[in-house]
Amino acid sequence: MVVIRLSRGGAKARPFYTIVAADKRSRRDGNFIERLGFYNPNAKGGEEKLRIASDRLNYWIGVGATPSDTVARLVKEAKAAAPAA
């Protein structure tokens, strides 16, 4: 089963997360299938806090991948922040 979740990177006390599609059995920071975006909780000033490739996210959800609770919250946040077109 494929799950869309966060993979932690960065230094001690300076986390940086990558949003990945990975096999549920793999470790949190282990192997992944595809990188879908990133989340930087410590973004300051003009730095980008969140980027998600929505087309790839929709593809993975369409083929049965389930997003983690945190990723689902971030996706909802990104959709709310996106300008209505």
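Residues numbered from 1 in each chain as written. Predicted model: local features only at pLDDT ≥ 70, side-chain atom pairs only at ≥ 80, totals over all residues. Heavy atoms only, no water.

**Quick look at the packing of aromatic side chains**
Put simply, the test is: Each Phe, Tyr or Trp ring (for Trp, its six-membered ring) is paired with any other whose centre lies within 6.5 Å, and the angle between the two planes then decides the class: stacked below 30 degrees, edge-to-face above 60, tilted in between. Remark: exposure states derive from per-residue accessible area (1.4 Å probe, protein chains only) relative to the maximum for the residue type, with buried under 20%, exposed over 50%, and partly exposed in between.
Per the counting criterion, the structure on display carries three aromatic pairs. Arranged with centres 5.3 Å apart and planes meeting at 75°, the rings of Tyr59 and Trp60 form a pair that is edge-to-face. We classify Tyr59 as partly exposed; its relative accessible area is 39%. Judged by relative accessible area, Trp60 falls into the buried class, the value being 11%.

**Thoughts on the sheet that holds strand β1 (residues 2-11)**
For clarity, the threshold we go by: Whether two strands pair comes down to DSSP finding at least two bridges between them. Strands here are runs of E lasting at least two residues and helices are runs of H or I lasting at least four, both read from the DSSP assignment and numbered beginning at the N terminus. Two residues qualify as a contact provided that any one of their heavy atoms is within 4.5 Å of a heavy atom in the partner residue. Only the contacting stretch of a helix is used when fitting its axis, a line to C-alpha atoms as for every element, and angles between N-to-C directions run 0 to 180 degrees.
One open sheet holds the five strands; their spatial order is β4-β3-β2-β1-β5, and the pairing between them is mixed. Two strands in the sheet have a free side with no partner beyond their single neighbour: β4 (50-52) and β5 (66-67). Strand direction decides the pairing type here: β1 and β5, joined by two bridges, are parallel. Residue pairing across strands places Val3 opposite Thr66, the latter belonging to β5. Across the face of the sheet, helix α1 (residues 54-62) comes into contact with β1, β2 (14-23), β3 (34-39) and β4 while running at roughly 125° to β3.

**Describing the side chain of Thr18**
Looking at the element boundaries, Thr18 is found in strand β2. For Thr18, the contacting residues outside a window of four places in its chain are Arg5, Leu6, Ser7, Arg35, Gly37 and Phe38.

**Some words on the pattern of salt bridges**
Stated precisely, the cut-off is as follows: Every case where a carboxyl oxygen of Asp or Glu lies within 4 Å of a side-chain nitrogen of Lys or Arg is listed as a salt bridge.
For the structure on display, the rule yields five salt bridges. In this structure, Asp29 and Arg28 form a salt bridge, with 2.8 Å as the shortest nitrogen-oxygen distance. Residue classification places Arg28 among the partly exposed residues on the basis of a relative accessible area of 49%. When the shortest N-O distance is used, the salt bridge between Glu77 and Arg73 registers 3.8 Å.

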